[in-house]
Amino acid sequence: MAKIGIFYASAGGNTTQIAKALQEAFEVEDEACVLMEEDFDSAQQFEDFEVLFLGSSTWGQGDVHFSWVDALLEIGSKNLSFEGKTVAFFGTGDSQKHGEHFCSALGKLYEVFAKRGANVVGFTDEGDYTYEASLARIDGKFCGLAIDNMNESNKSEERIEKWIAQLKEALA
Ligand SMILES: Cc1cc2nc3c(=O)[nH]c(=O)nc-3n(C[C@H](O)[C@H](O)[C@H](O)COP(=O)(O)O)c2cc1C
């Protein structure tokens, strides 16, 4: 299987839960699991992998977690290309208290990586969610896995498992 790297940001552990499930399911080594706040130094790290699982919880007004900001700026300033890489996005949010920006961080990541040539897999059906608006909604679907542990934690495990099965098929 292609070499997989997991890059993620999480303040309270919700997004970490998804990252850990991915790590286990795809047997990703610890060194290839990059917690942005602690382990990320430079965008050079993306180069080591053919497949990138990229995660962030959503903050502020639909923003990525702060620890993603420098990476996204570096990608832009160095005009990096992700052509030839396969990418999947995941994240957590709150569809009720922050329903006007639900999981928008996924859309912010999509904007950067898809526009720079990455092949995006792992789109999901948004029909099972109730929210007002989201930048993660691309052509009528979420551009990755959206998890809402604040209001629908009972659905999280099943959603994560289903998405992992979908990714396994896409990467086969
Ligand atoms: C100050 C604040 C702002 C937030 N802004 C958003 C938002 O814009 N959109 C959203 O979907 N969730 C928002 N959330 C909810 C978090 O993304 C959610 O609690 C998430 O599960 C946190 O995941 P983490 O533990 O991985 O950091 C916000 C939460 C707080 C406390």
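What comes next is a walk through the structure.

Rules used in this analysis
Sequence order sets the numbering: in each chain, residues are counted from 1 along the sequence as written. Residue-level local features of this predicted model are given only where pLDDT is at least 70; pairs of side-chain atoms are given and counted only at 80 or more, and the full residue set underlies all totals for whole chains, interfaces and linings. For helices the rule is a DSSP run of H or I covering at least 4 residues; for strands it is a run of E covering at least 2, with both sets numbered from the N terminus onward. It is over C-alpha atoms that the radius of gyration is taken, and the globule rule equals 2.2 Å times the number of residues to the power 0.38. Backbone-placed C-beta atoms define the burial measure: a residue is buried with 20 or more other C-beta atoms within 10 Å of its own, exposed with 12 or fewer, and partly exposed in between. Here, residue contact means that the backbone-derived C-beta atoms of the two residues sit within 7 Å. Nearness is defined per residue: the C-beta atom, placed using the backbone, must lie within 6 Å of the molecule or strand. Amino acids are sorted into nonpolar (Ala, Val, Leu, Ile, Met, Phe, Trp, Tyr, Cys and Pro), charged (Asp, Glu, Lys and Arg) and polar (every other residue, Gly among them). Pairing between strands is defined by DSSP: at least two bridges between the two strands are required. Each nonpolar core reported here comprises buried Ala, Val, Leu, Ile, Met, Phe, Trp, Tyr and Cys residues connected via C-beta atoms within 7 Å.

**A short note on the overall build of the protein**
Thinking step 1. What the protein contains, in helices and strands, is five helices and ten strands.
Thinking step 2. Relative to a compact globule of 172 residues, whose C-alpha radius of gyration would be 16 Å, the protein shows 15 Å and is just as compact.
Thinking step 3. Dimensions along the principal axes, computed over C-alpha positions, put the protein at roughly 35 × 30 × 30 Å.
Thinking step 4. Taking all 172 residues of the protein together, 42% fall into the buried category.
Thinking step 5. Look at the contacts in the protein between residues 6 or more apart in sequence, and 76% of them connect residues 24 or more apart.

**Considerations on the environment of S156**
Thinking step 1. As for its position among the elements, S156 is in helix α5 (residues 153-171).
Thinking step 2. In this view, S156 contacts I147 and N149; residues no more than four positions away in its chain are not counted.

**With respect to the site of the ligand**
Thinking step 1. Around the ligand lies a shell of 22 residues, among which S10, G12, T15, S57 and G93 are the nearest.
Thinking step 2. Only α1 (14-25) and β3 (51-59) provide two or more residues apiece to the shell around the ligand.
Thinking step 3. Of the residues assigned to the shell around the ligand, the class counts are five nonpolar, 16 polar and one charged.

**Things to note about the sheet that holds strand β7 (residues 124-125)**
Thinking step 1. Ordered by their spatial adjacency, three strands build an open sheet running β7-β9-β8, and the pairing between neighbours is antiparallel. Single-partner strands in this sheet number two, and they are β7 and β8 (137-138).
Thinking step 2. Across two bridges, β8 lies against strand β9 (residues 141-142) in antiparallel orientation. Across the sheet, R137 pairs through a bridge with F142, a residue of β9.

**Comments concerning the nonpolar core**
Nonpolar side chains in soluble globular proteins tend to end up buried together.
Thinking step 1. Of all hydrophobic cores here, the largest spans 46 residues; its most connected members are I6, F89, L106, L109 and A146.
Thinking step 2. Those elements that place two or more of their residues in this core are β1 (4-9), α1, β3, β5 (86-92), α4 (104-115), β10 (144-147) and α5.
Thinking step 3. If sequence neighbours within four positions are ignored, L106 has contacts with F89, G91, A136, F142, C143, G144 and A146.

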